[in-house]
Amino acid sequence: MRLSQFFGETLRESPSESDSASSQMLVRAGYVRQLAAGLYSYLPLAHRALRKIEQILREEMDAINGQEMCMPVVHPADVWQESGRWYEIGDEMGRFQDRKGRDLVLAMTHEEVVTSLCKSEIRSYRQLPQMVYHIQTKFRDEPRARGGLIRVREFVMKDSYTLDKDFEGLQSQYEAHYDAYHRIGARLGLNLVAVQSDPGMMGGKVAHEFMYITPIGEDSLAICEETGYASNLDVATFQKIPEPANPQEPLTRVHTPGQSTIAKVAHFCGVSTRQTGKMVFYMGNFGPDNPPRLIAACVRGDMEINELQLRYAVRAQDLRPAETEEITAVGCVPGYASFCDIDRTKAILVADDLIPESTNLVVGANEYDWHYTGANYGRDFTADVIAPIARAYDGAPDPIGGKPLKLVRGIEVGNIFQLGTRYSVSMGALYTDESGEDHPIVMGSYGIGVGRALACVAEEYSDEYGMDLPISVAPYQVALVSLGRSGEVHEAAENLYQKLLSAGIEVLYDDRTVSPGVKFADADLRGIPLRCTVSSRSLGRGGVEFGRRRSKNLTIIPLDQAVKQIQSRITECFSRLHQRLENLPTWASNSK
């Protein structure tokens with residue numbers, strides 16, 4: 001492709017709306033343009049890169065017996081109502097009506113559509129197992145789009161679905177996807193870390209996320225490199241070590257003027273924060289048929305609340321921080337609150353499972369400037385629910401070997417879910433077994449965001465000058481730069497361009513009438529991994545200058561050998577990338 005005819009300009013300055021390196025580089029390099037918050041146009045460079053990512057996805061899905069299909073973006077509300085998710089998902093679902101007033105949905109994902117197809121296409125156990133996939137547009141009305149392509153409202157996703165007659169079959173297909181996702185990451189040039197995760201709105205009990213570790217990530221992860229434990233912080237577990245048990249002391253009211261924080265009251269009372277109890281209050285939503293209720297949660301003072309686990313513990317649909325008036329309505333005083341003397345008829349009391357093992361805690365007395373010392377579970381206070389609601393922290397002992405956990409940030413590139421029969425039961429997708437009995441189809445769901453994958457690659461392979469993309473993702477393999485507008489240089493560049501095209505090499509040819517500085521700066525921005533420069537100087541030295549983007553070890557290759565040597569270097573680039581496929585994590589290796 002000739003740059004003189006190319007659609008899409010580079011920018012010298014980062015756009016004001018860019019909030020990550022990948023976002024800045026993709027905009028500056030002329031890959032994407034923002035139409036509105038979370039809505040992007042993909043210009044020719046991005047389109048080519050995205051098609052390459054999609055092809056890698058196709059190849060890996062086909063390798064595990066996937067069959068590609070295509071399902072619609074617009075769904076009738078009926079199927080989402082049948083599964084129940086119409087009532088469970090909030091404002092992020094794109095709902096609208098057609099001209100006849102029928103409720104419709106913009107696809108967030110396609111479990112309902114696949115399950116509906118199962119009802120018409122699957123009859124017998126002889127038709128199972130199956131795996132289908134498609135690469136299709138999705139829409140989620142994100143409250144805050146960010147990070148360029150990292151969190152958008154409209155996006156393209158590869159989602160695949162497995163259909164089995166039993167959970168053993170599901171497990172086998174789940175493991176195949178687990179391994180395939182690591183291969184996909186390697187082929188994209190990314191080291192993906194599989195972490196345990198919350199199934200969320202997808203349903204099911206087992207799920208993993210495939211994370212690209214980066215400081216700009218929006219997810220918090222708990223990882224132990226020594227034991228291999230890896231989990232999203234929302235579902236991370238850790239070994240809880242209680243303080244040494246001491247004989248119970250009497251419950252004593254202590255005047256603590258102005259000591260309204262854990263750190264202050266612990267210092268005032270001469271104890272560590274581990275010997276205090278922390279109260280946090282939420283209002284829980286329990287569905288349209290039930291009134292909201294106050295939830296009073298207690299963890300040890302040196303820990304924080306895991307809101308997801310608290311929500312699961314009380315079976316609430318969602319939580320929000322309680323207002324002061326809602327807290328005082330149950331007899332509690334913010335900053336001085338505890339389970340002691342609380343009105344239990346107006347709140348759900350939840351204690352972390354470490355609280356009953358802790359003796360002689362310092363807790364609030366539900367009166368300004370007063371605390372209790374010597375508070376003990378069972379004697380002085382109890383809870384309605386005891387559950388592991390404390391959040392893992394940096395340095396916490398991991399659940400496998402007690403080694404320190406490390407908290408890092410990551411971007412979710414893909415996810416896999418064991419759905420089980422959550423959809424097939426609710427929607428009536430059954431198969432008949434050998435005895436003629438009906439059973440629900442056992443399902444799995446597996447997704448990868450195509451645009452988000454590109455953003456992660458751009459984040460990983462960028463520097464102050466632009467991007468240096470892996471050969472598997474780069475929109476072109478070679479940037480051909482001509483530093484002559486006429487004469488011998490121009491003729492040599494034109495001839496080489498035609499030979500490269502004839503050899504099937506993907507080349508972006510800068511034949512513009514602009515300065516060499518502009519040409520090199522644009523080539524640096526666009527991230528094409530190999531560069532070939534034709535100039536009077538290179539011809540005088542016997543050929544063309546060739547090498548990696550921004551490499552200082554450029555070589556002169558004769559014109560008559562240029563195509564062959566460029567092909568050889570492209571092969572070498574792919575070979576180095578494919579070396580990443582060696583010693584990848586697998587389900588079998590991680591399960592040992």
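Preceding this paragraph is the structure being described.
None of these values were measured; they are calculated from a predicted model. (Residues numbered from 1 in each chain as written. Predicted model: local features only at pLDDT ≥ 70, side-chain atom pairs only at ≥ 80, totals over all residues. Heavy atoms only, no water.)

**Some points on the overall build of the chain**
Quick note on the threshold: For the purposes of this entry, the term helix denotes a DSSP run of H or I that reaches at least four residues, the term strand denotes a run of E that reaches at least two, and both are numbered from the N terminus. When a residue's accessible area, from a 1.4 Å probe over protein chains only, is under 20% of the maximum for its type it is buried; when over 50% it is exposed; and in between it is partly exposed. A contact between two residues is defined here by any heavy atoms of the two lying within 4.5 Å. Per-residue and other accessible areas were derived by the Shrake-Rupley procedure at a 1.4 Å probe size, with only the shown protein chains allowed to occlude residues.
Of regular secondary structure, the chain possesses 16 helices and 31 strands. Out of the 592 residues belonging to the chain, those deemed buried represent 51%. Across the chain, the fraction of contacts at a sequence separation of at least 24, relative to all contacts at a separation of at least 6, is 70%. Carbon together with sulfur atoms contributes 48% to the accessible area of the chain, which is approximately 26500 Å² in total.

**Digging into the layout of surface pockets**
Quick note on the threshold: Using a grid of 1 Å spacing that covers the protein atoms alone, one calls a set of points a cavity when a 1.4 Å probe fits there but cannot get out, and a pocket when the set is open and has protein on both sides within 12 Å along at least five of seven lines; lining residues are those with an atom within 4 Å of a point. Grid points are joined across faces, edges and corners, and a volume is the space filled by probe spheres set on the points. Ten residue types, Ala, Val, Leu, Ile, Met, Phe, Trp, Tyr, Cys and Pro, are classed as nonpolar, four, Asp, Glu, Lys and Arg, as charged, and the remainder, Gly among them, as polar.
Space inside the second largest pocket adds up to approximately 530 Å³. Around the second largest pocket, the lining comprises 21 residues; the ones closest to its centre are Y178, A194, G228, A230 and N590. For the lining of the second largest pocket, the elements supplying multiple residues, two or more each, are α6 (167-188), β9 (192-196) and α16 (587-590). Ranked by the residues each element gives to the lining of the second largest pocket, the list is headed by β9, at five residues. Its residues assigned to classes, the lining of the second largest pocket shows 12 nonpolar, seven polar and two charged.

**Comments concerning the nonpolar core**
So the rule is basically this: What we call a nonpolar core is a set of buried Ala, Val, Leu, Ile, Met, Phe, Trp, Tyr and Cys residues that are connected through their side-chain atoms within 4.5 Å.
Core analysis: the biggest nonpolar cluster contains 61 residues, and Y31, L188 and L454 have the highest contact counts within it. If you tally residues by element for this core, the top one is helix α2 (residues 44-63), at eight residues. Those residues in contact with L188 that lie beyond four places of it in its chain are I53, I56, A453, V457, Y461, P470, S472 and V473.

**Thoughts on empty space enclosed by the protein**
Counted under the stated rule, the structure contains two cavities of 30 Å³ or more. Its volume calculated, the largest cavity comes out at about 60 Å³. Residue assignment for the lining of the largest cavity shows that the elements contributing at least two residues are β27 (478-482), β28 (507-510) and α13 (516-526). Considering each element in turn, the lining of the largest cavity owes the most residues, four residues, to α13. Counted by class, the lining of the largest cavity contains six nonpolar, no polar and four charged residues.

**Some thoughts on the packing of aromatic side chains**
Counted only if it meets this: Working definition: rings of Phe, Tyr and Trp (its six-membered ring) pair if their centres are within 6.5 Å, and the pair is stacked with planes under 30 degrees apart, edge-to-face with planes over 60 apart, and tilted otherwise.
Evaluated as defined, the whole model comprises 10 aromatic pairs. Summarising the aromatic geometry, the rings of Y178 and W587 are spaced 5.1 Å apart at their centres and angled 90 degrees between planes, so their arrangement reads as edge-to-face. A residue pair is termed long-range when its members are at least 10 positions apart, and Y178 in helix α6 and W587 in helix α16 qualify at 409 residues. For the residue pair Y178 and W587, the accessibility class agrees, reading buried in each case. Taking the centre distance of 4.8 Å and the plane angle of 35 degrees together, the rings of Y497 and Y509 count as tilted. Placement of Y497 in helix α12 (residues 487-502) and of Y509 in strand β28 is noted, with a sequence separation of 12 residues between them. Here Y497 and Y509 have matching classes, each one buried. Members of the aromatic cluster, connected to one another through ring pairs, are Y174, Y178, Y181, F210, Y446 and W587.

**Brief notes about α12**
Given 3.6 residues per helical turn, the α-helix brings residues three or four places apart onto the same face. As a reminder of what qualifies: By this rule, a helix spans an expected 1.5 Å times one less than how many residues it contains.
Between its terminal C-alpha atoms α12 stretches 23 Å, which fits the 22 Å expected from 16 residues at 1.5 Å a residue. Considered for burial, the residues of α12 that qualify are V489, A492, A493, E494, L496, Y497 and L500. The secondary structure elements touched by the buried residues of α12 are β27, β28, β29 (530-534), α14 (536-540), β30 (544-548) and α15 (562-578). Trailing α12 by a residue or two, G504 shows a phi angle of about 80 degrees, which is positive.

**Quick word on the sheet that holds β30**
Cut-off, in case you're wondering: When DSSP finds two or more bridges between two strands, those strands count as paired. Axis geometry follows a simple rule: fit a line to the C-alpha atoms, using only the stretch in contact for helices, then measure angles between N-to-C directions, giving values from 0 to 180 degrees.
Spatially, five strands are ordered β28-β27-β29-β30-β31 in an open sheet, and the strand pairing comes out mixed. Only two strands of the sheet have a single partner each, and these edge strands are β28 and β31 (555-557). Sheet twist, expressed as the mean angle between neighbouring strand axes with direction ignored, is 25 degrees. Note: β29 against β30, four bridges, orientation antiparallel. The residue bridging L530 from the neighbouring strand is R548, located in β30. Packed onto the sheet, α13 meets β27, β28 and β29 and runs at close to 165 degrees relative to β29.

**Quick notes on the packing of α2 against α6**
Note the cut-off: Angle categories are assigned with fixed cut-offs, so that under 35 degrees is roughly parallel, over 145 is roughly antiparallel, 65 to 115 is roughly perpendicular, and the rest are oblique. In this scheme, a crossing is called left-handed if the near helix is turned counterclockwise away from the far one by less than a right angle; it is called right-handed if the turn is clockwise.
Across the interface, α2 lies against α6 with an axial gap of 10 Å and an inter-helix angle of 150 degrees. By the angle between their axes, α2 is roughly antiparallel relative to α6. Like other packed secondary-structure pairs, α2 and α6 cross with a definite hand, here right-handed. For the pair formed by α2 and α6, the contact residues are I53, I56, L57, E59, E60 and M61 on the first element and H177, A180, Y181, R183, I184, R187 and L188 on the second. A breakdown of the residues in the contact of α2 with α6 according to their chemical character gives eight nonpolar, one polar and four charged.

**Focus on the pairing of strand β7 (residues 130-139)**
Extensive coverage of β7 is indicated by the burial of eight of its 10 residues. Strand direction decides the pairing type here: strand β3 (residues 67-68) and β7, joined by two bridges, are parallel. Bridged to Q67 within β7 is V132. The sheet contact formed by β7 and strand β8 (residues 154-164) spans 10 bridges and is antiparallel. What sits directly across from Y133, in β8, is S160.

**Looking at the environment of S536**
The topology assignment puts S536 in helix α14. For S536 and A492, which are 44 residues apart along the polypeptide, the C-alpha to C-alpha distance reads 10.0 Å.

**So, the side chain of D522**
Formally: Pairing of N or O atoms within 3.5 Å defines a polar contact, subject to two protein rules: one partner must be a possible hydrogen donor and the other a possible acceptor, and residues neighboring in sequence count only if both atoms are side-chain atoms.
Its place among the elements puts D522 in helix α13. On the basis of relative accessibility, which here comes to 2%, the residue D522 falls in the buried class. A distance of 2.9 Å separates polar atoms of two side chains, one belonging to D522 and the other to R512. Sequence-distant contacts of D522, defined by excluding residues within four places in its chain, comprise T10, R12 and R512.

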